[in-house]
Amino acid sequence: MSDRRPGATAPPLPVWPLTAMFALVPLWWALGAFYLGWSVFGVVLLALLVTRGRVALPPGSAAWLVFLTLVLLSATRLDRATAYLTFGLRFGFLATALVVCVYVHTLVRDGTRWDRVLRPLGWYWLGVVALGWLAVLMPTFALTTPVEMALPHSISGERFIQALTHVRANEFNPQSRTPIYRTAAPYPYTNNWGTAYALLVPCVLAYLTSVRTGRFRVALWVSLPLSVVPAFMTLNRGMFLGLGAGLLYLGLRALVRGNARLIVSIGGLVVLVWVVSLVVPVQEMIDARVSSTDTNVDRMDLYVRTWQAVERSPLLGYGAPKSVDTTLAEEPLGTQGLIWQILYSHGIPALVLFLGWLVLVARRLAAAVSPAGHWLSTVPVIALVVIPVYAYIDPNLSVIFFAVGAGLAAVGGPVNRAPTGPSTMAQPVPLAPWRTRGVGRAAVPAPPVPPPAPQPVTGVAAVPLRMPQPPPAPATPPATVPAPSSAPVVPAPRSAPPATVPAPSAAPVVPAPRSATAPPPSIAPPSTGAEATSAVPAPRAATAPPPSAAPPATTAAEVTSAVPVPRTATTPPPAPATPAQSAGTAVPAPRAATTPPPAPATPGATAVPAPRAATTPLPTPAPTVPPASEPDRPVPDSPRQGGPA
């Protein structure tokens, strides 16, 4: 196909050419242009593809192009002028089929709705069934078409052209006293109608299993049982053989994969055919036809004569079928089966390429996983089964390529998945990212999930009290006790710096309520006297104001209780404890991560619980408060704690 300029957007392909081509079959048949005008639609589709630009060819297109080349070369073997007309007509069917395949394949790949793509084929089916019932209700119906009247007599008088332009509803022997009417319209021969029926049934089931709603779907459901009657009237053994082979192939695949739903669908179709066979005595009609004619003997004699002719020209054949008087059958050599037609007309290499293309697409379609893809995969299988007895170088070949093009696009694209809406294959199903799968690709672990944020504190942590809370005392100076020879080891906090809080002169120390911004209690420096007070934490309340600070005593060492300071990662280590620090009972203090250390306290205050110190001996304290370990951080003033000075 032609290339477009870089960066140009390809215009979408319309569906109306396929609709005009396949849906209006009864009209083209009544005009006599069903066969002669078929290639005109192929030219329209090709022009649209060329206008669009570069397109992706379906698998097997290269083999088909080589096949077309051999067919063109075989035209050199034609020996009469009128044969070029029939040769051009058949070559047009071969080329149009490939164009239809590429067009449908491109439509599906471009994201056109699946029901819109398959609907022209559904209309084609409805037209074939309607004309089949015309043959049942009006067996002798015939029509001289406008195309037949427009053609010169030298062309319309040809046997093949006459069969195409002068239409009949049935194929029968007008010289017989009891003719057997066999459904043919819109085709010239009943074998073509039977071939079309075997190929179209899977296409209709593909539509019904993929489209879930709509009046068109209802029409197709109604037409399925109605179509059995004209199908039985064809008395077409090859049609039953092809359908049976397709159902058997699909049933075996469903059995291997354990698809019970598909097996039930196949069983229902078989039961439907069996019920209709009870009403229509098809077996008796076939037996009567075989007993009154020598069709089997005639066919075998025709096949033998055809092979003998192929041995004389095996590479290119003879260009087209040819009538001879050496056979028992009235049909020309190279008819009554597509194998014999290709062998006689185009040679053995062309037949190998044709069969190779069917096998190739059958293998590709075997990868289908959707219900519609399963039914479409039977089309090339049916074509392979009926090829020895029926020829379909006619519009039926475009039906095969239509189904193959849609099936190949479904297998190779995102629509070959489970149902997502009104249609199984109308919308692409979103696939899981390959990073989360380990089949066929390298498994990439998912990004780590961040830990959950800590929950806010909703309760009050219980702080064990080592000594009972004394009653409030009057504001008198505390009693002094002599300092012990050695101070007990008080564990220091692991991260927060020590903070001194003056002890009250007469009242016990009550810690401030626990909050996010309240500073931790400070530790007062030792005084000259031995003051002994007991620090008991007060109950925590959110609304209690912090106590005021009192000046520390200067005559004796304080007996304080150690309360652990909260652990934070950014708080500097504590300062060493003093040797004159009095012994007391350790009570753990609340922990606050973001509280800065308070300022030094005034003398005369009672000591609050001190932080835990390390187990090493306490060094001699400095007379002043040690500087903060983080000089860049401002140290706010300590809140006032305790009672009045």
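Quick caveat: nothing in here was measured; it's all calculated off a predicted structure. (Residues numbered from 1 in each chain as written. Predicted model: local features only at pLDDT ≥ 70, side-chain atom pairs only at ≥ 80, totals over all residues. Heavy atoms only, no water.)

A.B. asks: Go over the overall build of the chain with me, naming the residues and quoting the values.
C.D. replies: A tally of regular secondary structure across the chain gives 20 helices and four strands. Within the chain, the proportion of its 645 residues that are buried is 46%. Residue pairs at least 24 apart in sequence account for 83% of intrachain contacts in the chain once pairs closer than 6 positions are excluded. Approximately 31100 Å² of the chain is accessible, and the part contributed by carbon and sulfur atoms is 66%. (Helix = DSSP H or I, 4+ residues; strand = E, 2+ residues; numbered from the N terminus. Buried < 20%, exposed > 50% of the residue type's maximum accessible area, 1.4 Å probe, protein only. Contact = heavy atoms within 4.5 Å. Areas by Shrake-Rupley, 256 points an atom, 1.4 Å probe, with all protein chains shown as cover.)

A.B. asks: Kindly report on the pattern of salt bridges, identifying the contributing residues and their values.
C.D. replies: A side chain with one charge can pair with a side chain of the opposite charge if their charged atoms come near. The tally for this structure, following the rule as stated, stands at six salt bridges. As a salt-bridge pair, Asp115 and Arg119 come within 4.0 Å of each other at their nearest N and O atoms. Placement of both Asp115 and Arg119 in helix 6 (residues 114-137) is noted, with a separation of four residues, approximately one turn of the helix. You can call Asp115 buried: its relative accessible area is 9%. Judged by its relative accessible area of 31%, Arg119 is partly exposed. One network of salt bridges, with partners in common, ties together Asp79, Arg80 and Lys322. (Salt bridge = Lys/Arg side-chain N within 4 Å of Asp/Glu carboxyl O.)

A.B. asks: Describe helix 15 (residues 295-310), naming the residues involved and giving the relevant values.
C.D. replies: Its 16 residues place the ends of helix 15 22 Å apart at the C-alpha level, agreeing with the 22 Å of an ideal helix rising 1.5 Å per residue. For helix 15, every residue scored as buried is listed here: Thr295, Arg299, Asp301, Leu302, Tyr303, Thr306, Ala309 and Val310. (Expected span 1.5 Å × (residues − 1).)

A.B. asks: So what about a nonpolar patch on the surface? Which residues, and what values?
C.D. replies: A surface patch of nonpolar side chains, about 530 Å² in accessible area, is lined by Val271, Trp274, Val275, Leu278 and Val279. Note that Val275 resides in helix 13 (residues 260-279). (Patch = residues over 30% accessible without salt bridge, like charges linked within 9 Å, V, L, I, M, F, W, Y side chains within 5 Å.)

A.B. asks: Any details on the packing of helix 10 (residues 190-210) against helix 19 (residues 379-386)? Residues and values, ideally.
C.D. replies: Closest axis-to-axis distance for the helix 10/helix 19 pair is 9 Å, and the angle between their directions is 170 degrees. Classified by the angle their axes make, helix 10 and helix 19 are roughly antiparallel. For the pair helix 10 and helix 19, contact is made by Ala198, Leu199, Pro202 and Cys203 and by Val379, Ile382 and Ala383, respectively. Of the residues assigned to the contact of helix 10 with helix 19, the class counts are seven nonpolar, no polar and no charged. (Axes fitted to C-alpha atoms, helices over the stretch in contact; angles between N-to-C directions. Parallel < 35°, antiparallel > 145°, perpendicular 65-115°, else oblique. Nonpolar A, V, L, I, M, F, W, Y, C, P; charged D, E, K, R; others polar.)

A.B. asks: So, the packing of aromatic side chains: which residues are in play, and what are the values?
C.D. replies: Across all of its chains, the model carries 26 aromatic pairs by this definition. Ring centres of Trp28 and Phe41 lie 5.5 Å apart, and the angle between their planes is 50 degrees; on these two criteria the pair is classed as tilted. Taken together, the positions of Trp28 in helix 2 (residues 25-31) and Phe41 in helix 3 (residues 38-52) put the pair 13 residues apart, joining distant regions of the chain. Just as Trp28 is buried, Phe41 falls in that class too. Grouping aromatic residues by their ring pairs yields a cluster made of Phe22, Phe34, Tyr35, Trp38, Phe93, Tyr124, Tyr187 and Phe402. (Phe/Tyr/Trp six-rings, centres within 6.5 Å; stacked < 30°, edge-to-face > 60°.)

A.B. asks: I'd like to hear about helix 19, residue by residue, with values.
C.D. replies: For helix 19, the buried fraction is high: six of the eight residues fall into the buried class. Here helix 19 has its buried residues at Val379, Pro380, Val381, Ile382, Ala383 and Val386. Against helix 10, helix 12 (237-257), helix 17 (348-365), helix 18 (371-376) and helix 20 (395-412) lie the buried residues of helix 19.

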